[in-house]
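The residues making up each chain are set out below.
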Amino acid sequence: MLKESIFKELIKKGYSKEGSSRVWDISNQSLLFSSPELSRAFLEVRNVPIYKKNIVDREIELIKESKGILNGMIGSGSFNLIDMRCAEGERALAFLKILSNAKFRYCPVSADESLATLAVNGVKKSKLKNVISYSPQKAGFEDFGNVCVMLRNAEFQRNVILLMGSTLATFEINDFLFNLSNAMFKGDILIIGNGIRTGKRLVNLDVYNNKFFDKWFVHLMKSLGFNEREISYGARFGNSRIECLYTLLQDREIEHNGKKINFKKGDRVVTVGIYKYFARELEKFCKMYFPEGQILKDEDNEYALLVCKK
């Protein structure tokens with residue numbers, strides 16, 4: 001149950017003090033895909049023209065441009081294609097279309113099974129000959145290591161992992177890549193799609209103040225029991241990242257399974273934290289955990305694919 005998961009996050013992290021108000025942090029990437037309502041809202045956001053152009057279309061174009069490099073690194077054999085934050089499977093489909101020698105079991109992963117099912121259906125429609133089976137997985141990012149191990153079998157011993165949509169930006173990069181690398185075996189490949197920062201690190205706050213993000217993140221607050229009249233959405237620079245958050249407009253007590261949290265007017269609840277990384281930082285951290293890798297940038301030097309091999 002989503003409310004229980006959010007409650008656990010609140011209790012685990014507690015709050016920090018900022019003047020006379022408190023700041024609660026429920027920023028957990030898995031929570032954003034933990035219900036059909038959140039999944040539907042996410043799909044609406046990713047189809048907003050500016051989001052689609054700057055993230056989805058850039059990733060698909062970079063995949064196509066990297067055909068030779070990707071084929072060279074992956075080679076032949078059978079793989080699980082593990083598609084984290086799978087959406088409708090279009091990035092996986094673009095990837096599968098350019099590979100000529102390998103065979104794949106397509107494994108979309110989402111905390112809400114409806115997204116994984118949607119991704120499977122999207123790839124199936126293309127009837128690609130290099131996709132020989134499907135294994136959708138219901139799991140959050142915290143279960144990633146178990147998913148990698150569980151999917152290995154006699155036929156599919158190696159994994160190719162897609163982590164697209166600037167998902168990496170919502171994690172503290174060092175811890176995330178360390179844990180990700182530990183879940184991978186020799187010969188496994190990780191392909192990350194992520195924005196890259198030039199100039200100042202934290203800019204363009206107006207983008208994150210946009211109401212289309214509010215329409216997605218508000219479902220976390222509603223799951224806790226708040227209604228839209230009790231909260232106000234906004235974004236800020238804080239803790240070396242961009243934070244999307246809600247300010248409480250009145251006192252409110254939230255209860256779950258006999259446990260109570262008393263929120264006060266002026267309290268803030270951070271739903272998402274987004275880190276901005278320079279290309280050199282992405283390269284540095286990937287080299288720390290993977291013996292082989294390349295960073296492939298778009299022509300505007302604003303987005304990149306990181307291709308890492310264990």
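Residues numbered from 1 in each chain as written. Predicted model: local features only at pLDDT ≥ 70, side-chain atom pairs only at ≥ 80, totals over all residues. Heavy atoms only, no water.

### A few points about the nonpolar core
Then comes step 1: Residues F95, F104 and W216 are the most contacted members of the largest nonpolar core, which totals 77 residues.
Then comes step 2: Counting residues per element, this core draws most heavily on helix α10 (residues 211–224), at 8 residues.
Then comes step 3: Residues contacting F95, with those up to four places away along its chain left out, are I63, L70, I74, L81, F104, V160, L162 and I191.
Then comes step 4: Among the nonpolar cores identified, the runner-up in size contains 35 residues, and L151, I161, F176 and L190 belong to it. (Core = buried A, V, L, I, M, F, W, Y, C linked by side-chain atoms within 4.5 Å. Buried < 20%, exposed > 50% of the residue type's maximum accessible area, 1.4 Å probe, protein only. Helix = DSSP H or I, 4+ residues; strand = E, 2+ residues; numbered from the N terminus. Contact = heavy atoms within 4.5 Å.)

### Re the side chain of D214
Then comes step 1: Inspection of the secondary structure puts D214 in helix α10.
Then comes step 2: Residue D214 is classed as buried on the basis of its relative accessible area of 12%.

### Considering the sheet that holds strand β13 (residues 268–274)
Then comes step 1: A sheet is described by the order of its strands in space; here 5 strands give the open sequence β1-β2-β13-β10-β9, paired in mixed fashion. The two strands at the open ends of the sheet, each matched to only one other strand, are β1 (15–18) and β9 (231–238). Averaged over neighbouring strand pairs, the angle between their axes works out to 30° when direction is ignored.
Then comes step 2: The sheet contact formed by strand β10 (residues 241–248) and β13 spans 6 bridges and is antiparallel. The residue bridging I242 from the neighbouring strand is I274, located in β13. (Pairing = 2+ DSSP bridges. Axes fitted to C-alpha atoms, helices over the stretch in contact; angles between N-to-C directions.)

### Details of the packing of aromatic side chains
Then comes step 1: Per the stated rule, a full pass over the model turns up 19 aromatic pairs.
Then comes step 2: Joined through ring pairs, the aromatic side chains of F33, F42, Y208, F212, F213, W216, F217, Y233 and Y246 make up one cluster.
Then comes step 3: Over the ring of Y134 we find K124, and its NZ or CZ is 5.1 Å from the ring centre.
Then comes step 4: Over the face of the ring belonging to F185 we find R152, whose NZ or CZ atom lies 3.8 Å from the ring centre. (Phe/Tyr/Trp six-rings, centres within 6.5 Å; stacked < 30°, edge-to-face > 60°. Lys NZ or Arg CZ within 6 Å of the ring centre and 35° of its normal.)

### Here we look at the packing of helix α2 (residues 36–46) against helix α3 (residues 49–65)
Then comes step 1: Their axes nearest at 7 Å, the elements α2 and α3 cross at an angle of 90°. Between α2 and α3, the angle is such that the two are roughly perpendicular. Of the residues in α3, those touching α2 at F42, V45 and R46 are Y51, K52 and V56.
Then comes step 2: Partitioned by chemical class, the residues of the contact of α2 with α3 number 4 nonpolar, no polar and 2 charged. (Parallel < 35°, antiparallel > 145°, perpendicular 65-115°, else oblique. Nonpolar A, V, L, I, M, F, W, Y, C, P; charged D, E, K, R; others polar.)

### Some words on helix α1 (residues 2–13)
Then comes step 1: With 12 residues, α1 extends 17 Å from end C-alpha to end C-alpha; this agrees with the ideal 16 Å at 1.5 Å per step.
Then comes step 2: Listing the buried residues of α1 in full gives L2, K3, I6, F7, E9 and L10. One side of α1 carries all its buried residues, which in axial view fall inside an arc of 160°. Opposite its buried face, α1 presents the exposed residues K8 and K12, each directed more than 90 degrees away.
Then comes step 3: Summarising the contacts, the buried residues of α1 are in contact with β2 (21–25), α2, α10, β11 (252–256) and β12 (259–263).
Then comes step 4: Following α1 by one or two positions, G14 adopts a phi angle in the positive range, close to 65°. (Expected span 1.5 Å × (residues − 1). Arc of directions from axis to C-beta.)

### Some remarks on the pairing of β13
Side-chain positions along a regular strand alternate between the two faces of the sheet.
Then comes step 1: Within β13, 6 of the 7 residues are buried, leaving the element largely enclosed by the surrounding structure.
Then comes step 2: Pairing geometry for β2 and β13, over 3 bridges, is parallel. Following the sheet pairing, W24 is matched in β13 by V269.

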